[in-house]
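Topology and contacts: notes
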Amino acid sequence: MSTRQTGRAEEQPAEQRPAVEVTDVSHSFDGLDVLGDVSFTVPGGTVACVVGPNGSGKTTLLRLVADLLEPDAGSVTVAGDGGRRVGYLAQQPAFRRQFTVAETVGFYGSLVGDATDVDAVLDRVGLSAVADRRVDALSGGMRRLLGLAQAMVGDPSVFVLDEPATGLDPTMARHLREVIGALAADGDAVLLSTHDLHTVDRIADMVLLVDRGELVAAGPPAELLAEAGATTLDDAIETLGHGGGTVGVSPGLHGGDRA
């Protein structure tokens with residue numbers, strides 16, 4: 001039987017406090033098992049990157065954490081202090097095309113019932129200069145940043161981002177990494193899926209490798225490299241996974257700039 005709980009252990013600092021706890025979670029669609037007995041914990045102040053082949057269960061896992069799906073078995077516990085506790089960015093965010101950027105963020109603020117400082121949110125993601133631009137005039141990268149802005153509405157302590165770097169040019173991708181890093185620096189937990197191992201290499205405090213519905217490896221990138229006896233995340237993922245598909249990897253990752 002599935003359960004979902006919320007709570008906040010105020011006596012612990014954010015970097016030690018569990019922000020997300022997934023325990024023995026399973027989920028299926030139309031009798032097809034998508035995830036089975038998945039367990040992990042993400043502390044506050046942590047960027048956890050979910051990687052794995054297409055169809056491995058990454059998006060389903062994120063939707064379970066975001067409370068958009070209920071597990072068939074197991075439990076998902078998300079830290080929160082009431083109100084909207086999870087900020088979610090879908091893989092393909094959709095907005096009202098005739099709204100401006102500022103109107104879009106204000107609209108989501110009205111849905112959560114909080115007084116939203118629209119200017120502050122847009123400044124945080126770098127969209128202040130296009131606050132009055134209509135959504136249908138935005139580039140794909142700007143729309144993704146707008147999706148991150150709407151995820152910030154309500155001041156959640158946990159962010160769940162599904163392929164946030166998809167389609168971004170190098171400058172925009174770097175900016176996105178900086179925004180995500182700032183969220184973690186503020187004590188928030190960020191759980192994101194990605195096929196871009198450059199993103200993982202630069203921002204991940206923790207890597208969750210999902211393959212064929214199983215969590216086959218979890219830990220800091222250095223631990224996965226050591227466990228696999230590999231020098232690159234690409235090689236580590238290939239070694240630790242089931243070998244049934246590609247992650248969509250970028251070659252030659254050895255550490256370096258985490259911006």
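We now turn to the structure provided with this report. The residue numbers shown here count from 1 along each chain, following its written sequence. Per-residue local features are limited, in this predicted model, to residues with pLDDT of at least 70; the limit for side-chain atom pairs, both in listing and counting, is 80 or more; totals at the level of whole chains, interfaces and linings are taken over all residues. Think of the side-chain values as coming from all heavy atoms in the structure, minus any hydrogens and water.

1. Some words on the sheet that holds strand S8 (residues 189–193)
Only strands that DSSP links by at least two bridges are regarded as paired with each other. Each helix corresponds to a stretch of at least 4 residues labelled H or I by DSSP, and each strand to a stretch of at least 2 residues labelled E; elements are numbered beginning at the N terminus. Read from one edge of the open sheet, six strands run S6-S7-S8-S4-S9-S10, paired in mixed fashion. Every interior strand has two partners, whereas the edge strands, strand S6 (86–89) and strand S10 (214–219), have only one. Averaged over all pairs of adjacent strands, the angle between strand axes in this sheet comes to 15°, irrespective of strand direction. As judged from the five bridges shared by strand S9 (residues 206–211) and S10, these two strands associate in the antiparallel manner. Across the sheet, the residue bridging to Leu 208 is Ala 218, located in S10. Between the N-to-C directions of two axes lies an angle of 0 to 180 degrees, each axis being a line fitted to C-alpha atoms and, for a helix, fitted only over the stretch in contact.

2. Quick word on the packing of aromatic side chains
To describe a pair of aromatic rings, you give the distance between the ring centres and the angle between the ring planes. Only rings of Phe, Tyr and Trp enter the pairing, Trp through its six-membered ring, and a pair is recorded when the two centres are within 6.5 Å. The plane angle decides the type: under 30 degrees is stacked, over 60 is edge-to-face, the rest tilted. Within this structure, the stated rule accounts for three aromatic pairs. Pairing Phe 95 with Tyr 108 gives two aromatic rings, centres 6.2 Å apart and planes at 90°, and the pair type is edge-to-face. You can see Phe 95 sitting in the loop between S6 and helix H2 (101–112) and its partner Tyr 108 sitting in helix H2, a full 13 residues away along the chain. Three labels apply to residues, based on accessible area from a 1.4 Å probe with only protein chains included: buried if under 20% of the type maximum, exposed if over 50%, partly exposed otherwise in between. With relative accessibility at 21%, the residue Tyr 108 sits in the partly exposed group. Relative to Tyr 108, the ring of Phe 107 has its centre 5.5 Å away and its plane inclined at 75°; by these criteria the two rings are edge-to-face. For the cation-ring pair, Arg 96 lies above Phe 107, with the distance from its terminal atom to the ring centre recorded as 4.8 Å. Whether a charge sits over a ring depends on NZ of Lys or CZ of Arg being within 6 Å of the ring centre and within 35 degrees of the ring normal.

3. So, helix H4 (residues 140–152)
Side chains of residues three or four places apart in an α-helix project in the same direction, reflecting 3.6 residues per turn. Here H4 spans 19 Å end to end across 13 residues, near enough to the 18 Å set by a 1.5 Å rise per residue. Residues of H4 that are buried include every one of Gly 141, Arg 144, Leu 145, Leu 146, Gly 147, Leu 148, Ala 149, Gln 150, Ala 151 and Met 152, and no others. Contacts were defined at the residue level, with two residues in contact if any of their heavy atoms lie within 4.5 Å. In this structure, the buried side of H4 is in contact with S6, H2, helix H3 (118–125), strand S7 (158–162) and helix H5 (170–185). Looking one or two places after H4, you find Gly 154, whose phi comes out positive at around 95°. Any helix carries an expected span of 1.5 Å times its number of residues minus one.

4. A closer look at helix H1 (residues 58–65)
Of all eight residues in H1, six are buried; the element is thus mostly enclosed. Listing the buried residues of H1 in full gives Lys 58, Thr 60, Leu 61, Leu 62, Leu 64 and Val 65. At the C-terminal side of H1, Asp 67 shows a positive phi close to 65°.

5. Overview of the packing of H4 against H5
One can describe the packing of H4 onto H5 by two numbers: an axis separation of 11 Å at closest approach and a directional angle of 10°. As summarised for this structure, H4 and H5 are arranged roughly parallel, according to the angle between their axes. Along its contact with H4, which presents Gly 141, Met 142, Leu 145, Leu 148 and Met 152, the element H5 presents Met 172, His 175, Leu 176, Val 179 and Leu 183. Partitioning the contact of H4 with H5 into residue classes produces eight nonpolar, two polar and no charged. Comment on the angle field: the value is read as roughly parallel under 35 degrees, roughly antiparallel over 145, roughly perpendicular from 65 to 115, and oblique elsewhere. Residues were grouped as follows: Ala, Val, Leu, Ile, Met, Phe, Trp, Tyr, Cys and Pro as nonpolar; Asp, Glu, Lys and Arg as charged; and all remaining residues, including Gly, as polar.

6. Topic: the pattern of salt bridges
Definition used for salt bridges: Asp or Glu carboxyl oxygen within 4 Å of a side-chain nitrogen of Lys or Arg. According to the stated counting rule, one finds three salt bridges in the structure shown. We note a salt bridge from Asp 186 to Arg 124, for which the minimum N-O separation is 3.0 Å. Within this pair, whereas Asp 186 is found in the loop between H5 and S8, its partner Arg 124 is found in helix H3, the two being separated by 62 residues in sequence. With relative accessibility at 36%, the residue Arg 124 sits in the partly exposed group. Here Glu 178 and Arg 174 are joined by a salt bridge, their closest N and O atoms 3.7 Å apart. Residue Glu 178 and its partner Arg 174 are both found in helix H5; the two are separated by four residues, about one turn of the helix. Overall, the relative accessible area of 36% leaves Arg 174 in the partly exposed class.

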